[in-house]
Amino acid sequence: MKHIEQNVPVSFTYYVHFTEGLFDRDNTIFADLIRDASSGKPLKVLFVLDEGMFSHHNRLMESIRAYADEHPVIELIDEPVIMPGGEAAKNDEYLVQQVHEVVNRANLDRHAFITAIGGGAVLDAAGYAAATAHRGIRLIRVPTTVLSQNDSGVGVKNGINAFGKKNFLGTFAPPYAVLNDYNFLETLDHRDWRAGISEAVKVALLKDKSFFEFLEQKALSLDKGDREAMHHLIYRCAELHLEHIATSGDPFEMGSSRPLDFGHWSAHKLEQLTDYELRHGEAVAIGIALDATYSYLKGMINKESWQRILQVFKNAGFTLFVPELEYKKDEPTVPDSIFYGLEEFREHLGGELTIMLLEGIGQGIEVHKVDIDTYREAMSMMRKMDEQPV
Ligand SMILES: NC(=O)c1ccc[n+]([C@@H]2O[C@H](COP(=O)([O-])OP(=O)(O)OC[C@H]3O[C@@H](n4cnc5c(N)ncnc54)[C@H](O)[C@@H]3O)[C@@H](O)[C@H]2O)c1
Ligand SMILES: [Zn+2]
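All figures in this text were calculated on a predicted structure; none of them were measured in a lab. (Residues numbered from 1 in each chain as written. Chains lettered and ligands numbered in written order. Predicted model: local features only at pLDDT ≥ 70, side-chain atom pairs only at ≥ 80, totals over all residues. Heavy atoms only, no water.)

Trainee: Help me understand the nonpolar core, please; the structure alone is not making it clear to me.
Mentor: In globular proteins that are soluble, nonpolar side chains generally tend to be buried together. In this structure, Leu-205, Phe-211, Leu-215, Leu-233, Ile-309 and Ile-355 are the most contacted members of the largest nonpolar core, which totals 67 residues. Looking at which element gives the most residues to this core, the answer is helix 12 (residues 280–297), with nine residues. Counting residues in hydrophobic clusters, the runner-up holds 29 residues, among them Leu-33, Met-53, Tyr-67 and Val-142. (Core = buried A, V, L, I, M, F, W, Y, C linked by side-chain atoms within 4.5 Å. Buried < 20%, exposed > 50% of the residue type's maximum accessible area, 1.4 Å probe, protein only. Helix = DSSP H or I, 4+ residues; strand = E, 2+ residues; numbered from the N terminus.)

Right, here's the structure in full:
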């Protein structure tokens, strides 16, 4: 018997820029990116826009047209695809097909670019379309929410929902670049401004105690719209996220664990159980509070640390309990039970159940078994605290 063993090393580099006024005439970041990729010839660029974002920035296409005129290396496909914002972008596979149709009509090839401008949901759907057309057209992400600038938009994943399951269809595909323009954040409604803060609390709890202390100090002012603090939050959170992708040894999640999905097993289920009425970031705050409470009840973190975690969320204005958190908690194997979220979380990766918990502030620990009764206790504590704030 013969066999060939071939090692294929693959590495990738992408820049995440932080800027304001991306399509201002004198801001050359975007044009430089395209120029660096071209061999002197103009390259085609198709824009995919988030309708919710676009309704607040309705002169955006005019700015992009003027920018493309100024920088002829950009061959603008003047037929942007406009997708509904929010989870609706990921719940309709026709939207992905619509991007593919324009890619086909405009003859985009692998040297062309799709630039997606919007929240995490539109970036996920547009990223999936880009990754699957011609097996991968270059994707530039321009995230326009806090959560997409500090978390979802800087990573290597995309996806849409199918069969009632989140991110059932999707790929791992590093972006060509990520361009975070803080000006977009000015038009977010308050819920979306706040929602992304929970992902920062998440990485801080797992990886960086002093960042957690910063968030504690700034939680109240962040909720009141403190821009400077928010810009720092986004930068540091994105940096920790990228460091993790680069150094964890498992950028494409081939193993059984997803360390950055701390608090997410229940969060994903809550999004589904509330019919996506809860924003991803809002569900993540509840999920983290739940797993922190569980960690406390299991004696893994002390009372003070646990209370600090709940307080930072409360100060930032998050609600830490919704009735769906206890949905069918006594029937854990029923598919719409909150506890079925554990099985769905495991199944998304396959392999052994792996849940991230806390050993301290800045210190995560993975476990492979959880105790449902303790989780039930944590849930009822959270309900009682909601009735009587800590
Ligand atoms: N790919 C990943 O690794 C990853 C990681 C985390 C989360 N996600 C996904 O990200 C999604 C959540 O993303 P999100 O929190 O950015 O919210 P979102 O994409 O759901 O957007 C929320 C709302 O904000 C609107 N909006 C976007 N930008 C705006 C702006 N600048 N001004 C005014 N309104 C604007 C949208 O139209 C939408 O109505 C979820 O689908 C989640 O699963 C993906
Ligand atoms: Zn998340």
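Trainee: Whenever I open this one, the packing of helix 8 (residues 197–207) against helix 12 confuses me. Can you help?
Mentor: Helix-helix packing is characterised by the crossing angle of the two axes and by the distance between the axes. One way to put it is that helix 8 packs onto helix 12 with a least axis distance of 8 Å and a crossing angle of 40 degrees. Taken together, helix 8 and helix 12 sit at an angle that is classed as oblique. Within the contact between the two elements, helix 8 uses Ser-198, Glu-199, Lys-202 and Leu-205 and helix 12 uses His-280, Gly-281, Val-284, Ala-285 and Ile-288. Per-class residue counts for the contact of helix 8 with helix 12 are four nonpolar, three polar and two charged. (Axes fitted to C-alpha atoms, helices over the stretch in contact; angles between N-to-C directions. Parallel < 35°, antiparallel > 145°, perpendicular 65-115°, else oblique. Contact = heavy atoms within 4.5 Å. Nonpolar A, V, L, I, M, F, W, Y, C, P; charged D, E, K, R; others polar.)

Trainee: It is not clear to me how the site of ligand 1 should be interpreted in this structure. Could you clarify?
Mentor: Near ligand 1 lie 25 residues; those nearest to it are Asp-50, Gly-120, Thr-144, Thr-145 and Thr-187. Here an oxygen atom of ligand 1 sits 3.1 Å away from a polar atom, N or O, in the side chain of Lys-90. Within the backbone of Lys-157, an N or O atom sits 3.2 Å from a nitrogen atom of ligand 1. Burial of ligand 1 by the protein amounts to 89% of the accessible area it has alone, namely 880 Å². Among the residues making up the shell around ligand 1, the classes are represented as five nonpolar, 12 polar and eight charged. (Near = heavy atom within 4 Å. Polar contact = N/O pair within 3.5 Å; in protein donor to acceptor, adjacent residues only side chain to side chain. Areas by Shrake-Rupley, 256 points an atom, 1.4 Å probe, with all protein chains shown as cover.)

Trainee: Would you explain the side chain of Gln-149 in this entry?
Mentor: Examined against the element boundaries, Gln-149 turns out to sit in helix 6 (residues 146–150). At a separation of 2.9 Å, a polar atom in the side chain of Gln-149 contacts the main-chain carbonyl oxygen of Pro-143.

Trainee: Hey, could you run me through helix 15 (residues 372–387) in this one?
Mentor: Here helix 15 contains 16 residues, and its C-alpha end-to-end distance of 23 Å stays within 8% of the 22 Å for a straight helix at 1.5 Å per residue. For helix 15, every residue scored as buried is listed here: Thr-374, Tyr-375, Arg-376, Ala-378, Met-379, Ser-380, Met-382 and Met-385. In the core, the buried residues of helix 15 are packed alongside helix 11 (264–273), helix 12, helix 13 (303–315) and strand 9 (355–360). N-cap assignment for helix 15: the residue whose side-chain oxygen lies 3.0 Å from the backbone N of Asp-373 is Asp-371. (Expected span 1.5 Å × (residues − 1).)

Trainee: How do you make sense of the environment of Asn-107 when you look at a structure like this?
Mentor: With respect to the helices and strands, the residue Asn-107 is situated in the loop between helix 4 (93–105) and strand 4 (113–118). Along the backbone, Asn-107 and Lys-44 are 63 residues apart, and their C-alpha atoms lie at a distance of 9.0 Å.

Trainee: Teacher, can you tell me more about the pairing of strand 4 here?
Mentor: Along any regular strand the residues' side chains alternate between the sheet's two faces. By the criterion of burial, strand 4 is predominantly enclosed, with six of the six residues buried. Alternating residues of strand 4 divide into Phe-113, Thr-115 and Ile-117 and Ile-114, Ala-116 and Gly-118, and every residue in both groups is buried. Pairing analysis gives five bridges linking strand 2 (residues 43–50) to strand 4, with the strands arranged parallel. Paired with Leu-46 across the bridge in strand 4 is Ile-114. Of the pairings in the sheet, the one linking strand 4 to strand 5 (residues 138–143) comprises six bridges and is parallel in character. In the sheet register, Gly-118 faces strand 5, and the bridge partner there is Pro-143. One crossover worth recording links strand 4 to the parallel strand 5 by way of helix 5 (residues 120–132), and it is right-handed. (Pairing = 2+ DSSP bridges. Right-handed = clockwise from strand over helix to strand, strands pointing away.)

Trainee: What should I look at first to understand the coordination of the zinc ion (ligand 2) in this one?
Mentor: When a metal holds four donors in a tetrahedron, each ideal angle between them is 109.5 degrees; when it holds six in an octahedron, the ideal angles are 90 or 180 degrees. Around the zinc ion (ligand 2), the protein contributes the donor atoms Glu-199 (OE), His-264 (NE2) and His-280 (NE2), which lie 2.0 to 2.2 Å from the metal centre. Spacing between the donor residues of the zinc ion (ligand 2) along their common chain follows E-x64-H-x15-H. In this pair, His-264 sits in helix 11 while His-280 sits in helix 12, placing the two residues 16 residues apart along the sequence. (Donors = N, O, S within 2.8 Å, 3.2 Å for Na, K, Ca; no water.)

Trainee: What am I meant to see in the sheet that holds strand 1 (residues 15–19) here?
Mentor: The pairing of strands in a sheet happens through backbone hydrogen bonds and is either parallel or antiparallel. A sheet is described by the order of its strands in space; here six strands give the open sequence 1-8-5-4-2-3, paired in parallel fashion. The sheet is open, and its two edges are formed by strand 1 and strand 3 (74–83), each paired on a single side. The average undirected angle you get between the axes of adjacent strands in this sheet is 20 degrees. Sheet topology places strand 2 next to strand 3; seven bridges connect them, and they run parallel. When the sheet's bridge partners are listed, Val-48 is paired in strand 3 with Val-81. The strands touched by helix 5 within the sheet are strand 2, strand 3, strand 4 and strand 5, with strand 4 carrying the most contacts at an inclination of about 165 degrees.

Trainee: Explanation requested: the packing of aromatic side chains in the structure shown.
Mentor: Any two aromatic rings considered together are summarised by their centre-to-centre distance and by the angle between their planes. In the structure shown here, the tally under the stated rule is 19 aromatic pairs. Between Phe-12 and Tyr-14, the aromatic rings sit 6.3 Å apart at their centres with planes inclined by 5 degrees, giving stacked as the arrangement. A relative accessible area of 14% places Tyr-14 in the buried class. Between Tyr-296 and Trp-306, the aromatic rings sit 4.3 Å apart at their centres with planes inclined by 10 degrees, giving stacked as the arrangement. In this pair, Tyr-296 is assigned in helix 12 and Trp-306 in helix 13, connecting sequence segments 10 residues apart. With relative accessibility at 5%, the residue Trp-306 sits in the buried group. Taken together, the ring pairs in this structure connect Phe-12, Tyr-14, Phe-172 and Phe-252 into an aromatic cluster. The aromatic ring of Phe-345 is capped on one face by Arg-258, whose charged end is 4.1 Å from the ring centroid. (Phe/Tyr/Trp six-rings, centres within 6.5 Å; stacked < 30°, edge-to-face > 60°. Lys NZ or Arg CZ within 6 Å of the ring centre and 35° of its normal.)

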